[in-house]
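The lines below spell out each chain.
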Amino acid sequence: MSEISKIVVDAVLQQLHEIEVKHGVRVLYACESGSRAWGFASADSDYDVRFIYSHPREWYLSIDLEHKRDVIEVPINDKLDISGWDLRKALKLYRKSNPALLEWLGSPIVYREHGSLAARLRELSSASISLVKCRYHYMHMAQGNFRDYLKGPEVRLKKYLYVLRPLLAVNWIDAGYGIVPTEFGKLVDAIVQENELRRAIYDLLEAKKQGFEQSVGPRIEPISRYIESEMERLIATKPENVKSTGEPRKLNELFRAILSE
């Protein structure tokens with residue numbers, strides 16, 4: 001939590017408390033997501049707080065459960081963007097190998113971890129998560145950001161990172177390293193071996209941290225060359241069919257256990 005000021009932490013915890021009181025829920029896990037969790041926040045980056053919450057057991061014992069809202073969103077202010085998923089929704093998405101949820105669980109900035117939910121989901125991940133589904137997600141993300149933001153002579157600097165991170169995540173999966181880490185620096189250290197490219201990436205990271213969200217600059221050739229060549233290579237690569245169990249028994253057991261905690 002060293003990168004987050006006490007003022008911000010206190011504001012987040014106060015918001016979480018108000019959510020619990022207003023909605024009659026219990027926040028089980030809350031973390032930072034997005035650029036601050038990845039490690040390349042700018043001076044004016046928002047705080048993207050994501051959380052998982054549960055209702056009392058009786059709330060789930062309803063014939064109209066499927067029609068009940070399973071997301072809580074707080075109106076965004078100048079700095080805080082806070083939203084969360086109900087426990088049941090989170091577990092259903094976990095079963096589908098949702099990469100956003102996996103990144104929450106791997107966030108280096110945790111505001112609250114109540115009970116055993118997060119730890120138990122991390123323990124289950126090696127046997128429950130489909131890395132092929134994660135690979136498809138990251139490849140699709142890299143292609144979309146590349147197509148929309150990195151084609152011209154000048155680019156929004158942060159979009160390089162929004163293409164590099166998923167490309168490195170695909171390489172991480174293809175290398176057999178398992179669940180993709182949330183921090184961008186871990187991906188760079190494990191995947192990028194070429195010195196010129198590493199220097200260019202870390203120079204870009206420093207510029208992003210010192211600059212602002214809308215900073216625009218000329219193409220960075222070592223990074224552009226890498227992205228273009230990797231995009232072509234990885235699109236042509238067929239991943240191994242890494243099978244996940246997809247079996248809901250353990251998640252059903254976990255769901256009931258968390259409601260009893």
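Check the entry above for the structure.
So, here's what we can say about the structure. All of these numbers come straight from a predicted model, not from anything done at the bench.

1. Focus: the packing of aromatic side chains
Counted according to the given criterion, the structure contains nine aromatic pairs. Between Trp59 and Tyr60, the aromatic rings sit 5.0 Å apart at their centres with planes inclined by 80°, giving edge-to-face as the arrangement. With respect to class, Trp59 is no different from Tyr60; both count as buried. Sitting over the ring of Tyr47, Arg36 keeps its end group 3.8 Å from the ring centre. A cation over a ring is seen here: Lys159 above Tyr162, with NZ or CZ 5.1 Å from the ring centre.

2. With respect to unusual backbone geometry
Even without a glycine there, the phi angle at Ser97 is positive, about 60°. Among the structural elements, Ser97 can be located in the loop between α4 (87-95) and α5 (99-105). By relative accessible area, which is 1% here, Ser97 ends up buried.

3. Considerations on the packing of helix α8 (residues 157-174) against helix α10 (residues 195-210)
α10 packs onto α8 with a crossing angle of 130° between their chain directions and a minimal axis gap of 10 Å. Considered as vectors, α8 and α10 are oriented oblique to each other. Crossing handedness for the pair α8 and α10: left-handed. Contacts from Leu157, Lys158, Tyr160, Leu161 and Leu164 in α8 reach Ile201, Leu204, Leu205 and Lys208 in α10. Looking at the contact of α8 with α10 residue by residue, the classes come out as seven nonpolar, no polar and two charged.

4. A look at the environment of Leu105
One can find Leu105 in helix α5. Once residues lying within four places of it in the same chain are set aside, the contact partners of Leu105 are Tyr29, Tyr94, Ala118, Leu121 and Arg122.

5. Regarding the state of the cysteines
Tallying each qualifying case throughout the model produces zero disulfides. Its sulfur unpaired, Cys31 is 16 Å from the next cysteine sulfur, which belongs to Cys134.

6. Overview of the packing of α8 against helix α9 (residues 184-191)
Between α8 and α9, whose axes approach to 10 Å, the crossing angle comes to 55°. Compared by their axis directions, α8 and α9 come out oblique. Two packed elements cross with a definite hand, and for α8 against α9 that hand is left-handed. Contacts from Leu161, Leu164, Arg165, Leu168, Ala169, Asn171 and Trp172 of α8 reach α9 at Phe184, Lys186, Leu187, Val188, Ala190 and Ile191. Among the residues forming the contact of α8 with α9, the class breakdown is 10 nonpolar, one polar and two charged.

7. Here's the deal with empty space enclosed by the protein
A water-sized probe rolled over the atoms picks out the places where empty space is left. All chains considered together, the criterion is met by four cavities of 30 Å³ or more. Of the pockets and cavities examined, the largest cavity occupies roughly 50 Å³. Residue lining of the largest cavity: Pro99, Leu102, Glu103, Leu131, Cys134, Tyr138, Ile179 and Val180, and that is the complete set. Counting only elements with at least two residues in the lining of the largest cavity, the list comes to α5 and α7 (131-149).

8. A closer look at the sheet that holds strand β2 (residues 47-54)
If you walk across this open sheet you meet the five strands as β3-β4-β2-β1-β5, and the pairing is mixed. Each having just a single partner strand, β3 (71-73) and β5 (110-113) make up the two edges of the open sheet. Averaged over all pairs of adjacent strands, the angle between their axes in this sheet comes to 20°, without regard to strand direction. Pairing analysis gives seven bridges linking β2 to strand β4 (residues 80-86), with the strands arranged parallel. Paired with Arg50 across the two strands is Ser83, which belongs to β4.

Each value, and the rule that gives it
Residues numbered from 1 in each chain as written. Predicted model: local features only at pLDDT ≥ 70, side-chain atom pairs only at ≥ 80, totals over all residues. Heavy atoms only, no water. Phe/Tyr/Trp six-rings, centres within 6.5 Å; stacked < 30°, edge-to-face > 60°. Buried < 20%, exposed > 50% of the residue type's maximum accessible area, 1.4 Å probe, protein only. Lys NZ or Arg CZ within 6 Å of the ring centre and 35° of its normal. Helix = DSSP H or I, 4+ residues; strand = E, 2+ residues; numbered from the N terminus. Axes fitted to C-alpha atoms, helices over the stretch in contact; angles between N-to-C directions. Parallel < 35°, antiparallel > 145°, perpendicular 65-115°, else oblique. Left-handed = near helix turned anticlockwise from the far one by under 90°. Contact = heavy atoms within 4.5 Å. Nonpolar A, V, L, I, M, F, W, Y, C, P; charged D, E, K, R; others polar. Disulfide = S-S within 2.5 Å. 1 Å grid on protein atoms, 1.4 Å probe; cavity = no way out; pocket = protein on both sides within 12 Å on 5 of 7 lines; lining within 4 Å. Points joined across faces, edges and corners; volume = space filled by probe spheres on them. Pairing = 2+ DSSP bridges.

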